[in-house]
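Listed below, chain by chain, are the residues.
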Amino acid sequence: MVRLSRPSQAFELENEPGTPLFLRIARALIQGIQRGRLRRGARLPGTRALAAQLKVNRNTVVAAYNELALQGWIRVHPSRGATVAEDLPDAIPPSSAVATVTPGHNPGVRAHPAERPPRFVLSDGTPDPRLLPASELARAFRRALPSPAFLEAQGYGDPQGSPKLRRALAELLASTRGLAVGPEDILLTRGSQMGLFLAARAIAGTEPAAIAVEDPGYPLAWEAFRMAGARVVGTPVDREGISVDALRDLAGRERTLRGVLVTPHHQYPTTVTLGAGRRLALLAAAAEHNLTVIEDDYDQDYRFEGRPILPLAASASFSSESPVIYLGSLSKLLAPGLRLGYVVASPDRLRRMTAARQAIDRQGDVPLEIGIAELLQDGELARHARRARKIYLERRDLLVSGLRRELGDALSFHLPAGGLAIWTSVRRDIDAELWASEALHQGLAVSSGVRFALGAEGMQNAFRLGFASLNGAEMENAVRILARSRPR
């Protein structure tokens, strides 16, 4: 046992053979938080200082902090280090069970009060922060601080985002997505979640408005739309994606319908790719009913077979009032804790979105944006994407083989060509919710289909199983628990 201390911040590092060192550090910090030694908002030691104290590589401490940030235990502030999250509940009494943290664990997913939190999480599609090119990003961040681009922004930067990153993104979108855009057409956001909120504000304005969403679909988008003042209306999804016929019927009934949210590359959560016929029909229906298409292209970077399907926005011209607002995210490529997304829209909508963003968040993280721009320009992000795709493909195949071997009679699925999750239908005589509850009791958190349903029609007896955040050994354990917890 190694005991570390700092004023009011003592914690213990247990000797756990076979457990990665970064997880042991993360667990020690969680113990300190739960026992009240590390209070909400308390500053944590810097990664360099803690690494020196522990006599470990700094990257190990960075990985531990990344894991804790991903799970919501801490917040990492580029300008002032890491702090314990402010929104955590009061410290857990010392007599309570101490949480164990594993990649993908979310402290928001709670087990029965008498149980330990889940040891494994088959997430809904979260990347593995352990694959983050942390050293390269740290170097780029350090170079960004004294750079002219940052120093010129000291009097507050452009609320639309770093011009350097917007130029790099414009080149990326042109070469990989087929979007003919310039840096003036791009707004940088703190993740795609902010982009969804701003898009809804730009569409809804001050008048009563409704936005159609896929059902089943993405619950956090629905919340963003509601907070922006829009009413959310479900549109069914079938084996080919969103039903355009149902959307037309809805538009005929809903006079305040102003837009529709779609995830055409891999529908969230079912992973279905919207085919060419449906895409053309969707754009035609949007034009006919004067609807704005909000395209959330959340996982374009992860395509394992064939070339990625070009987004709907590739057929749009953003020099005029485009029918498409296009959203993308770098968080899925790097790590969820790095909140960096972007929006492409027509000039008028982009002005409205930028004004709304400026009112709630003056500007983005300029050093981070400049650092990411460097990684894009020197090809490091492209190299990281290639490495990550190879690893995630191996993990996808490992999950698939495990499911077919252990649960082939209970689960059925179509192998997705990309993305970070698999949508599995559960046999009709097995209750997926009951199964998920029993799995949680045994230490595994999984997302059942009811989580993604807006209305009764969208409810499906299914699981969305993410494979990216677990390595081989962790995946094997997760599949064994899933098989063992199956209701009989």
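Keep in mind that what you see is a predicted model, and the values were worked out from it rather than measured.

Another aspect to go through is the overall build of the protein chain. Check the secondary structure of the protein chain and you find 15 helices and 17 strands. For the protein chain, buried positions account for 57% of its 488 residues. Summed over all atoms, the accessible surface of the protein chain reaches about 20800 Å², with 52% contributed by carbon and sulfur.

Relative to the assigned elements, Tyr298 resides in the loop between strand E11 (292-296) and strand E12 (324-329). With sequence-adjacent residues up to four places away left out, Tyr298 is seen in contact with Thr263, His266, Gln267, Tyr268, Lys332 and Arg464.

Time to look at the packing of aromatic side chains. The full count for this structure, using the stated rule, is 6 aromatic pairs. Relative to Tyr268, the ring of Tyr218 has its centre 5.0 Å away and its plane inclined at 70 degrees; by these criteria the two rings are edge-to-face. Of this pair, Tyr218 sits in the loop between strand E7 (210-215) and helix H8 (219-227) while Tyr268 sits in the loop between strand E10 (257-262) and helix H10 (276-288), placing them 50 residues apart in sequence. We classify Tyr268 as buried; its relative accessible area is 6%. Ring centres 5.8 Å apart and planes at 85 degrees place the aromatic pair Tyr268 and Tyr298 in the edge-to-face group. Linking Tyr268 in the loop between E10 and H10 with Tyr298 in the loop between E11 and E12, this pair joins segments that are 30 residues apart in sequence. Accessibility expressed as a relative area gives 11% for Tyr298, which makes it buried. Put simply, the rings of Tyr218, Tyr268, Tyr298, Trp423 and Phe452 touch in pairs and so form one group of aromatic residues.

What follows deals with the pattern of salt bridges. Under the defined criterion, the tally for this structure stands at 23 salt bridges. When salt bridges that share partners are traced, they join Asp128, Arg130, Arg395 and Glu474 into one network.

This part covers the packing of helix H7 (residues 192-204) against helix H11 (residues 347-360). Remark: H7 packs on H11, axes separated minimally by 9 Å, with the N-to-C direction vectors making an angle of 120 degrees. In terms of their interaxial angle, H7 and H11 are classed as oblique. Where H7 crosses over H11, the two elements pack in a sense that is right-handed. Packed against H7, whose contacting residues are Met194, Gly195, Phe197, Leu198, Ala199 and Ala202, the element H11 presents Arg349, Arg352, Met353, Ala356, Arg357 and Ile360 at the interface. Broken down by class, the residue content of the contact of H7 with H11 amounts to 8 nonpolar, 1 polar and 3 charged.

This part takes up unusual backbone geometry. Looking along the chain, the bond that leaves Asp215 and enters Pro216 is cis, with omega of 10 degrees. Following the sequence through the fold, Pro216 ends up in the loop between E7 and H8. Residue Pro269 follows Tyr268 across a cis peptide bond; omega there is 15 degrees. Positionally, Pro269 belongs in the loop between E10 and H10. Backbone geometry places Lys55, a non-glycine residue, at a positive phi of 60 degrees. With respect to the helices, strands and loops of the structure, Lys55 is situated in the loop between helix H2 (47-54) and helix H3 (58-71). The backbone of Thr271 sits at a positive phi, close to 70 degrees, despite the residue not being glycine. Secondary-structure assignment places Thr271 in the loop between E10 and H10. On the accessibility criterion, Thr271 (13% relative accessible area) is buried.

A general feature of soluble globular proteins is that nonpolar side chains tend to end up buried together. Judged by nonpolar contacts, the single largest core of 86 residues is most densely connected at Ile372, Trp435, Leu444, Phe463 and Leu482. Sort the elements by how many residues they give to this core and helix H13 (residues 380-407) lands first, with 8 residues. Residue contacts for Leu444: discarding those within four places in its chain leaves Pro118, Phe120, Val121, Leu122, Ala436, Ala439, Ala478, Ile481 and Leu482. Counting 29 residues, the second largest nonpolar core, distinct from the first, contains Leu196, Ile203, Ala224 and Val232.

Spatially, the 5 strands line up as an open sheet ordered E5-E16-E17-E15-E14, and their pairing is mixed. Sheet topology places strand E5 (120-122) and strand E14 (411-412) at the edges, where each strand pairs with a single neighbour. As paired elements, strand E16 (residues 444-448) and strand E17 (residues 462-466) share 2 bridges and run antiparallel to each other. Directly across from Ser447, in E17, lies its bridge partner Arg464. Its contacts with the sheet place helix H14 (residues 432-441) against E14, strand E15 (421-426), E16 and E17, and it is angled at close to 165 degrees to E16.

The next point concerns the packing of H7 against H8. Packed helix pairs are characterised by how far apart their axes lie and by the angle those axes make with each other. At their nearest, the axes of H7 and H8 sit 8 Å apart, and the two run at 40 degrees to each other. Between H7 and H8, the angle is such that the two are oblique. The two elements H7 and H8 cross, and the hand of that crossing is right-handed. In this structure, H7 contributes Gln193, Leu196, Phe197 and Ala200 to the contact, and H8 contributes Leu220, Ala221, Ala224, Phe225 and Met227. Taken together, the residues that form the contact of H7 with H8 break down as 8 nonpolar, 1 polar and no charged.

The next point concerns the sheet that holds E7. Read across the open sheet, the 8 strands follow the order E6-E13-E12-E11-E10-E7-E8-E9; overall the sheet is mixed. The two strands at the open ends of the sheet, each matched to only one other strand, are strand E6 (186-189) and strand E9 (241-242). Pairing between E12 and strand E13 (residues 341-344): 4 bridges, direction antiparallel. The residue bridging Ser329 from the neighbouring strand is Gly341, located in E13. Here H8 sits on the sheet in contact with E7, strand E8 (231-238), E10 and E11, set at roughly 175 degrees to E7.

Quick notes on the rules
- Residues numbered from 1 in each chain as written.
- Predicted model: local features only at pLDDT ≥ 70, side-chain atom pairs only at ≥ 80, totals over all residues.
- Heavy atoms only, no water.
- Helix = DSSP H or I, 4+ residues; strand = E, 2+ residues; numbered from the N terminus.
- Buried < 20%, exposed > 50% of the residue type's maximum accessible area, 1.4 Å probe, protein only.
- Areas by Shrake-Rupley, 256 points an atom, 1.4 Å probe, with all protein chains shown as cover.
- Contact = heavy atoms within 4.5 Å.
- Phe/Tyr/Trp six-rings, centres within 6.5 Å; stacked < 30°, edge-to-face > 60°.
- Salt bridge = Lys/Arg side-chain N within 4 Å of Asp/Glu carboxyl O.
- Axes fitted to C-alpha atoms, helices over the stretch in contact; angles between N-to-C directions.
- Parallel < 35°, antiparallel > 145°, perpendicular 65-115°, else oblique.
- Left-handed = near helix turned anticlockwise from the far one by under 90°.
- Nonpolar A, V, L, I, M, F, W, Y, C, P; charged D, E, K, R; others polar.
- Core = buried A, V, L, I, M, F, W, Y, C linked by side-chain atoms within 4.5 Å.
- Pairing = 2+ DSSP bridges.

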